[in-house]
Amino acid sequence: LLLRWSREDPVSQKEIDRNEAIYAHQRNRNPFVDFPELAEYIWGNKKGQAFDLEANLNGNVGGGDTPTPPDPTDAPKLIEPTQGKVLDFGQVVAGQEGRAILVLRGENLDNTVPMTVAVYDNSQTDDAGLFAIDGGATQTVSVDVVNSTYGLGITITYNPDRLGEHETNLRIRGGGLKGNTLIKLRGNAIEAPVLTAPRALAPTNVTSTSYIANWEPALGDEIDYFIVNRTKYIDGKAETEQIEAHDGEYSLEIDDFCGHESYTVQSVRFGIASPESNSVTVGESSISEIEADRFFGVNAVSEGIEITTSATIDHLTVYEASGRTAGVYNSVANGDVISLKRGVYLLRASGVSRPVKVIVTGK
């Protein structure tokens, strides 16, 4: 009687949806919904024959080595992805998210059975819970869009909560397709990198409208790219922007120099940024063209400030933001470090027409 019911009442879409919903919560499935013909192999007219799981997954339900007959030219077809495709997320920091776009594109797909995409591993591992389709374990997709010229892009995410290599399957079914298309999902969760702050260097080629920011990376760090944090001081207000620079490039041209600004640099790996470098101040007195008689600049360091100058400064006065004199120094040379507490300072140097402002953020 049960076999008769199974043959006369095939699996419905309601049962498929229920099976997927249960799997999304419990990670276990009803094999007789996934493979209705399995009952025949256990109790029915195919009892005693071997049930070939791989053949059924791939649509080769003839058993043995008999291939599935070719589809007619108008038969539903999934052009991409192809059976066995591997979607590799590569290295992802545990606790972060890796993303990839999978394009579904087909021909002659229909709505006889809704087309679904599901994370599927037959409960063999618990890796399936680390992958999701647009935030869920399963999704019903639009057949019309999949049939279109460019297909449908779905977002697959990898959210590892533990270290190691992880792998599961993505199953595509329905839409008139015979069998299932399985895609391998693979990722490697690693520890978060610990990066050392790069060192910001004095600017070069300073003009009234531009300059080149320079830096050097920390030795031994593997880096994806750099971030230059540029701060412009305009009418007493600070405006900050971040500019990306590729790894291997240790300088960045700024072509809209406002006359008074500073910059720090950070290195980035897997989306994690290092601490900021020392701060370098660029002022109009740093201009190295013929309108300036000498180069004079200041770098903020942990101890205070470091002087960068093309010639010895005979007399240097450092003022606090309140106007109080913080120190007077004679014969200041390139590379000299002046100890200052955290705060904002104004420097006036002999032979330099304009004062230089510097922000000390160290101890």
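Higher on the page you've got the structure.
Residues numbered from 1 in each chain as written. Predicted model: local features only at pLDDT ≥ 70, side-chain atom pairs only at ≥ 80, totals over all residues. Heavy atoms only, no water.

K.L.:
Just checking my understanding: could you explain the environment of Y345 for this structure?
P.N.:
Take Y345: it is sitting in strand β23 (residues 343-349). C-alpha separation for the pair Y345 and Y319, spaced 26 residues apart in sequence, amounts to 5.5 Å. Y345 has contacts with V318, Y319, E320, A326, L340, V356, K357, V358 and V360, leaving out every residue within four places of it along the chain. Looking at Y345, its side chain comes within polar contact range of the main-chain oxygen of K341, at 2.9 Å. (Helix = DSSP H or I, 4+ residues; strand = E, 2+ residues; numbered from the N terminus. Contact = heavy atoms within 4.5 Å. Polar contact = N/O pair within 3.5 Å; in protein donor to acceptor, adjacent residues only side chain to side chain.)

K.L.:
Quick question: what am I supposed to make of the nonpolar core here?
P.N.:
Where a protein is soluble and globular, its nonpolar side chains tend to be buried together. Formed by 29 residues in total, the largest nonpolar core has its most connected members in M115, I154, I156 and L170. Broken down by secondary-structure element, the contributors of at least two residues to this core are β2 (86-93), β3 (98-107), β4 (115-120), β5 (131-133), α6 (143-146), β7 (152-158), β8 (164-173) and β9 (181-190). Top contributing element to this core by residue count: β7, with 4 residues. Contact partners of M115, with chain neighbours within four places excluded, come to L78, L109, Q139, T140, V141, V143, V146, I172, R173, G174, G175 and L177. Counting residues in each nonpolar core, the second largest holds 18 residues, with I338, L347, A349 and V358 among its members. (Core = buried A, V, L, I, M, F, W, Y, C linked by side-chain atoms within 4.5 Å. Buried < 20%, exposed > 50% of the residue type's maximum accessible area, 1.4 Å probe, protein only.)

K.L.:
Can you walk me through the sheet that holds strand β1 (residues 77-80) in this structure?
P.N.:
Think of a sheet as strands paired side by side through backbone hydrogen bonds, with each pair either parallel or antiparallel. Read from one edge of the open sheet, 4 strands run β1-β3-β7-β5, paired in antiparallel fashion. Of all strands in the sheet, those bounded by a partner on one side alone are β1 and β5. Averaged over all pairs of adjacent strands, the angle between their axes in this sheet comes to 35 degrees, without regard to strand direction. Alignment of β5 against β7, held across 3 bridges, turns out to be antiparallel. (Pairing = 2+ DSSP bridges. Axes fitted to C-alpha atoms, helices over the stretch in contact; angles between N-to-C directions.)

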